[in-house]
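Coordinate inspection notes
Given next are the chains, with one letter for each unit.
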Amino acid sequence: MPKVAVPANGPTDLSDLLPKRLAHARPLFDPDIIGRAIRGSLLKLNPVALLKNPVIFVVEVGAVVTSLFLVRDLATGAAGIGFTLQISLWLWFTVLFANFAEAMAEARGKAQADALRKTKTDSVAQRVLSGGKVEQVSASQLRAGDIILCDAGELISGDGEVVEGIASVDESVITGESAPVIRESGGDRSAVTGGTRVLSDRLKIKITSNPGETFLDRMIALVEGAERQKTPNEIALNILIAGLTLIFLLAVVTLQPFAQFSVTAAGSGAVPSVAVLVSLLVCLIPTTIGGLLSAIGIAGMDRVMQHNVLAMSGKAVEASGDVNTLLLDKTGTITIGNRQAVEFIPVNGVTPAELADAAQLSSLADETPEGRSVVVLAKEKYGLRGREVASHEAHFIPFSAYTRMSGVDIDGRHLRKGASDSISQFVREQGGTVPPDLIEAAERISRQGGTPLAVADGRKAMGVINLKDVVKGGMHERLAQLRAMGIRTVMITGDNPLTAAAIAAEAGVDDFLAQASPADKLNYIKKEQAEGRLVAMTGDGTNDAPALAQADVGLAMNTGTMAAKEAGNMVDLDSNPTKLIEVVAIGKQLLITRGALTTFSIANDIAKYFAIIPAMFMATYPALANLNIMGLHNAQSAVLSAVIFNALIIIALVPLALRGVKYRPVSAGALLRRNLLIYGIGGIIVPFPGIWVIDQIVHVLGLA
Amino acid sequence: MTPNGILQIGIYFLLILAVTKPVGTYMARVFSGERTFLHPLLRPLERLCYVLSGIKEDVEQRWTQYAGSLIAFSFFSFLLAYLFQRLQGILPLNPMAFGTAAAPASATAMTPDLAFNTAVSFVTNTNWQSYVGETTMSYLVQMAALTVQNFVSAAAGIAIAIALIRGLARQQANAIGNFWVDLTRAVVYLLLPLSLVGALFLCSQGVIQNMGSYTKVTTLEGKTQVIAQGPVASQEAIKMVGTNGGGFFNANSSHPFENPTPLTNLVQMLMIFVIPAGLTYTLGKMVGDTRQGWAIFAAMSIMFLIGVFVVYGAEQSGNPNLAKLGIESNASATQSGGNMEGKEVRFGIAATSLFATITTAASCGAVNGMHDSFTPLGGLVPLFNMEVGEVIFGGTGAGLYGMLLFAILAVFIAGLMVGRTPEYLGKKIEGKEVKMAMIALIATSAVILLFTGSSAVIHFAKGSYWNGAYGPATGNLNNSGPHGFAEILYAYSSGAANNGSAFAGLSANTPWYNLTIGLAMLIGRFLIIIPMLAVAGSLAAKKRVPVTSGTFPTHGPLFVGLLVGTVVIVGALTFFPALSLSPIVEHFLMAQGRLF
């Protein structure tokens, strides 16, 4: 299945770091969707529905008018019926093509909604009554506040909060992720979604939404476009193109008296026919962007969806393109999430290999990610393979909060690893001395933002393991790209300022917020907003909710609490906080696509003038043939070619509108220069050869 | 084109470049209420104005109040100007007894429609003249009605521009200044000193300034000629500085009493651009980034210089049909060559082409030659300049706010291509701004197109009230074919753009033209000002978005190019059909040997 995603921009693009599973992706031209789109574009011919799109409405009125003149000409047997017929047909096609673009985008949404709706079967719920008795009710009878029980294998009947129990839940319906997730009462993993299935154990759930208002309902409504409201930028753009339409309408309407004056003055030629005037009008008004505008918006939402992010409104997607400041959680977003051993620093004359060996042995039973990373580092750096210790007489000492160390007693050796002060104490208890370079090495690691883990063999201190928060691969480049885009990144962490500063420097974030409490986050966001910046953040916990609500773009994790999901304006179904960066890129891409097609649409007009104006007046003022720089064959063929070009360009640009203009994370100046060149200058140039080619074809086919 | 001509244009441009910063800095200080070197002298006068009219200097207005003040002021100005004209017969300073039975036989009657047209014309800073000054207006009307409006209508324009700049410069504010204070300061600190110095200079060069009755002289051929007199220099200076353009005499700045020497010609051209060019710097200064002002200046300069050289090139190469007849068309040491029809010998082709471009780029409308006699392409540029809304330096204040309208559209259309909600000078450009910009754009296009269209076809019976003996509205034309069409198009373009220059060739003093051109002037003035003040109010209330590398830079060549492209494409696309039926086709026909 072809992948439909934000175009990858090489290996540093973040989409490459994301899971490749695109649950909702569909091919651009799925036959089923095309079928729906064609039906939809015919239904949209209804003028009442078209009124909300003034540009295309004007085209439809033009098509009706030329068709009426065609009927009149047929009745009276006037000359030039073939021309009027073709113009009428192409005007109708123009309307249909514009409708098709929107219908196509809607059909893609509908297809997703249908898939979601299939999962929404009415299940039976076990409602717990106040007395503790359980009754069987239909899911549709559940109201917010009800308590239900859900056993293994049952569908959860509505959105809610786990109040008792722990269970694994299959949420693939909404996330597309087949691996089950754990849901438990209390904490940040308590939210469950209606339509998902409990796989093991039993949950007691407090329902939080009424039927028709559940997460799944909202999701269906959103992808279907039922709740689609025009975004602020879309409204502004609509005003612009409606205004331009009005101006061109004036220009064309007044051309009739101008022509009358000219014809009288020149004593030759004729006033252009209504079909020709309507053709000029339709060519000049911004039909390209008018036809594609809503499709671009729907497709933008769709693209967010393909990244498994659910945006609560188009406005949120648009706002993400405007974001100035990104608050990124350190753990899981900037760093891998677990500290990893990166270095062995021997002391006391121990060789590195000896230290690695001791460290590995002491960690063999340590199943924590840190412990495993010690084993892996020893293997990678010194070729020490994990050994079979069962044959030896090995006694593992697990980590305890009291001793703050773990280790193994093997073959008479007492290997320990742990916090440097604990190990120092251990060494002293065993009768050894702690060498000063051990303390020194431990302090140096701390200063660099790492965690020192000392290793001792009985009374002999052997060295220190450097455990570090590892910044995700490609993150540095990605943050640099964000900076080029003019976005400040702020790392949020619970670490102390020293550690935070070291990681911030390594990752290349612009600022960090150490030992951050939820209130700190909220204040930081308010401060940024007061300075005119838009802020985006991710969060999952209930205590993140105020900050999520305050942020202009709040991306809640699906694993998070219902409070967090309600507060944010987007939910990431994959619960991957790095996705925030992708969302920003999609928002920008949406705006760029609109701007590019608007510019292209307006720039196209120049060539159309050169096609139609000389054609209109060649009989009156043959000297105007000088303006026929494309050398079009004759007046009718020139007008027809311009109209055909105008209609076909809409269809030709549908894929661009749905996929979005390629976005590169570079500075605004560079981006604008590039896009102006392609869509501005390109928009001026492209129609010249385009109309010329169509004119050749029209001529060869003898159409005009 | 001759080296001498190119040099003249070059020197002119360098002089404008040189005055832009000092004048702009001065204006920024004046309108920010800071002290200037003229304060010791003029501050008492300013205070006197406030005391007399009860204005509280420190109280600022919201945009609606600001617009309300402007409209009220303009309305009373209109009434005053109208009454002065209608009552001139019973008012003093009327040596030629206009408006009475004793008026000379050649005098034009001051009809209500003419008085309406003229009052609107001067209140809107247009100075379209349906009348012939020396045969219609008493000295009192010229001085008290028309010259006063020359001052205050120009000052009002500057005030609007300053209010818009404040909208861009302020954040989270609801006030945009005080109209009365801005108006007073513009007159007291800017227009009065400049006009005073200008008028004295013009007098020194031979521009007349008297109250005498007209002089009767016997010419060498023994015939009598009446030579009109009047307080010319005082009106001449503000006519230029305030980009008004309404001449004391019908011949305007081609008349030797208004513009006697090449030096006065140069100074008059400088006076037209000095405030509009300076305001670009004021913009940069007041928003705290002078590069922004220079970017606007650069965009204006590019369009200006292209325009000048098109006109100059077309005029200097002249009419090929004359060359075919063996008439010398090449410039030489002893003659100018090219197209000298309608031009003054003391100015020559370069200075006349330059003047024509300046006067239509700015909304001045003074002329030192007859645009009707230009070659088709030479006439195309003035038409184009007006139809894009006179944003190439433009009128005092009007040019800047007109250009900012296009800047808003440019950043909105193309600014989206950086992937953010478009911003200009840190202010987000959203629905409201776009709506207001579109209203302004639609209003001017609509009046030009609709009235031109009506006049091209409307029929009146001969002797009707509306168009007198001319019959149909096209009966007022001197020329036929595309050139005649250009005359109508020019009249409404000039009115709607508040320019006031005439292509000539159209006898416009009939009720039909007086009323329609009057309406065009009103719509062209107020349906831009009110939306732009709304924009100022809306922008002032917004936060300023900090500049980052994600911000579309509006100070570099890219923006300058984009702005020029927007003006040309958005501003002119509307008029391309009309222009192709007038100067463009006329140009091609001239090449084929057909003249009109």
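Residues numbered from 1 in each chain as written. Chains lettered and ligands numbered in written order. Predicted model: local features only at pLDDT ≥ 70, side-chain atom pairs only at ≥ 80, totals over all residues. Heavy atoms only, no water.

The helix and strand tally for chain B stands at 19 helices and four strands. Over its C-alpha trace chain B gives a radius of gyration of 23 Å, about what one expects of a compact globule, namely 25 Å for 596 residues. C-alpha extents for chain B along the principal axes are approximately 75 × 60 × 50 Å. Each of the 596 residues in chain B was classed as buried or not, and the buried ones make up 64%. Contacts spanning at least 24 positions in sequence make up 77% of the contacts within chain B whose residues lie at least 6 apart. Surface accessibility of chain B: about 19600 Å² in total, with carbon and sulfur atoms responsible for 66%. Charged side chains of chain B number 30 positive and 24 negative; the gap between the two group centres comes to 10 Å. (Helix = DSSP H or I, 4+ residues; strand = E, 2+ residues; numbered from the N terminus. Rg over C-alpha atoms; globule rule 2.2 N^0.38 Å. Buried < 20%, exposed > 50% of the residue type's maximum accessible area, 1.4 Å probe, protein only. Contact = heavy atoms within 4.5 Å. Areas by Shrake-Rupley, 256 points an atom, 1.4 Å probe, with all protein chains shown as cover. Lys, Arg positive; Asp, Glu negative; His and termini not counted. Charge placed at Lys NZ, Arg CZ, Asp CG, Glu CD.)

Quick look at unusual backbone geometry now. All names here are of chain B. The phi angle at Ala97 is positive, at roughly 55°, despite the residue not being glycine. Mapped onto the elements, Ala97 comes out in the loop between helix 3 (63-86) and helix 4 (112-123). Backbone geometry places Gln172, a non-glycine residue, at a positive phi of 50°. Its location among the elements puts Gln172 in the loop between helix 6 (139-169) and helix 7 (179-204).

The next point concerns the packing of helix 7 (residues 232-266) of chain A against helix 19 (residues 576-591) of chain B. Their axes nearest at 10 Å, the elements helix 7 of chain A and helix 19 of chain B cross at an angle of 10°. Classified by the interaxial angle, the pair formed by helix 7 of chain A and helix 19 of chain B is roughly parallel. When helix 7 of chain A is examined against helix 19 of chain B, the residues Leu255(A), Phe258(A), Ala259(A) and Ser262(A) are found in contact with a partner set consisting of Pro577(B), Ala578(B) and Leu581(B). Residue classes in the contact of helix 7 of chain A with helix 19 of chain B are distributed as six nonpolar, one polar and no charged. (Axes fitted to C-alpha atoms, helices over the stretch in contact; angles between N-to-C directions. Parallel < 35°, antiparallel > 145°, perpendicular 65-115°, else oblique. Nonpolar A, V, L, I, M, F, W, Y, C, P; charged D, E, K, R; others polar.)

As a further point, take the interface of chain A and chain B. With 64 residues of chain A in contact, the opposing surface of chain B contributes 60 residues. Of the roughly 5200 Å² buried between chain A and chain B, counting both surfaces, carbon and sulfur atoms make up 78%. On the surface where chain A and chain B come into contact, there are zero salt bridges. Going through the elements one at a time, helix 7, helix 10 (314-322), helix 16 (475-484), helix 18 (518-530), helix 21 (579-603), helix 22 (605-617) and helix 24 (668-685) of chain A are the ones with two or more residues in the side of chain A that touches chain B. (Buried area = accessible area lost by both parts, 1.4 Å probe. Salt bridge = Lys/Arg side-chain N within 4 Å of Asp/Glu carboxyl O.)

What follows concerns the packing of aromatic side chains. This model, assessed by the stated rule, comprises 35 aromatic pairs over all chains. Ring centres 4.9 Å apart and planes at 65° place the aromatic pair Phe258(A) and Phe485(B) in the edge-to-face group. Linking Phe258(A) in helix 7 with Phe485(B) in helix 16 (residues 481-496), this pair reaches from one chain into another. Comparing Phe258(A) with Phe485(B), the two get one shared label, buried. Taken together, Tyr12(B), Phe13(B), Phe273(B), Tyr281(B), Trp294(B), Phe297(B), Phe304(B) and Phe393(B) form an aromatic cluster joined through their ring pairs. (Phe/Tyr/Trp six-rings, centres within 6.5 Å; stacked < 30°, edge-to-face > 60°.)

Membership of the largest hydrophobic core comes to 327 residues, with the highest contact counts inside it found for Leu326(A), Phe273(B), Leu283(B), Phe304(B) and Tyr424(B). Take this core: its biggest share by element is 16 residues, from helix 4 (residues 81-118) of chain A. Once residues within four sequence positions are removed from consideration, Leu283(B) is found in contact with Ile165(B), Leu168(B), Gln292(B), Gly293(B), Ile296(B), Leu400(B), Leu404(B), Tyr424(B) and Leu425(B). Membership of the second largest hydrophobic core comes to 20 residues, among which are Ala341(A), Leu377(A), Ala378(A) and Val408(A). (Core = buried A, V, L, I, M, F, W, Y, C linked by side-chain atoms within 4.5 Å.)

Residues and elements named next belong to chain A. Summary statistics for chain A give a mean pLDDT of 84 and a share of 92% for residues scoring 70 or more. For chain A, the element scoring lowest by mean pLDDT is helix 5 (residues 172-175), at 70; helix 25 (residues 687-700) scores highest, at 96. Within the model, pLDDT remains below 50 along residues 1-24, and this stretch shows 62 contacts once partners closer than five positions in the same chain are excluded. (pLDDT = per-residue confidence, 0-100.)

Now for the pattern of salt bridges. Scanning the entire structure with this criterion turns up 43 salt bridges over all chains. Between Lys542(B) and Glu433(B) there is a salt bridge, and its shortest N-O distance comes to 3.0 Å. Note that Lys542(B) is positioned in the loop between helix 17 (511-541) and helix 18 (557-573) and Glu433(B) in helix 15 (residues 431-457), a separation of 109 residues in sequence. For the residue pair Lys542(B) and Glu433(B), the accessibility class agrees, reading buried in each case. Through salt bridges with shared partners, a single network forms among Arg488(A), Asp511(A), Glu528(A), Glu531(A) and Arg533(A).

Time to look at the environment of Gly284(B). All names here are of chain B. Mapped onto the elements, Gly284 comes out in helix 9 (residues 262-287). A residue is classified by how much of its surface remains accessible, and Gly284, at 0% relative accessible area, is buried. Linking Gly284 and Leu425, residues 141 residues apart in sequence, is a C-alpha distance of 9.8 Å. In contact with Gly284, not counting residues within four places along its chain, are Asp289, Thr290 and Gly293.

Before going further, it helps to spend a moment on the sheet that holds strand 9 (residues 203-207) of chain A. All names here are of chain A. Pairing within the open sheet is antiparallel, and its six strands lie in the order 2-1-3-9-4-7. This sheet does not close on itself; its edge strands, each paired only once, are strand 2 (134-138) and strand 7 (191-192). Note that strand 4 (residues 160-164) and strand 9 share four bridges and pair antiparallel. Bridge pairing in strand 9 places Glu161 opposite Lys206. (Pairing = 2+ DSSP bridges.)

Now for the sheet that holds strand 18 (residues 488-492) of chain A. Residues and elements named next belong to chain A. If you trace the seven strands from one edge of the open sheet to the other, you get 10-22-21-20-11-18-19, paired in mixed fashion. Of all strands in the sheet, those bounded by a partner on one side alone are strand 10 (309-311) and strand 19 (511-513). Recorded for the sheet is a direction-independent mean angle of 20° between the axes of neighbouring strands. As paired elements, strand 10 and strand 22 (residues 570-572) share three bridges and run antiparallel to each other. What sits directly across from Val309, in strand 22, is Asp572. Strand contacts of helix 18: strand 11 (325-329), strand 18, strand 19 and strand 20 (535-539), with the helix running at about 165° to strand 20, the strand carrying the most contacts.

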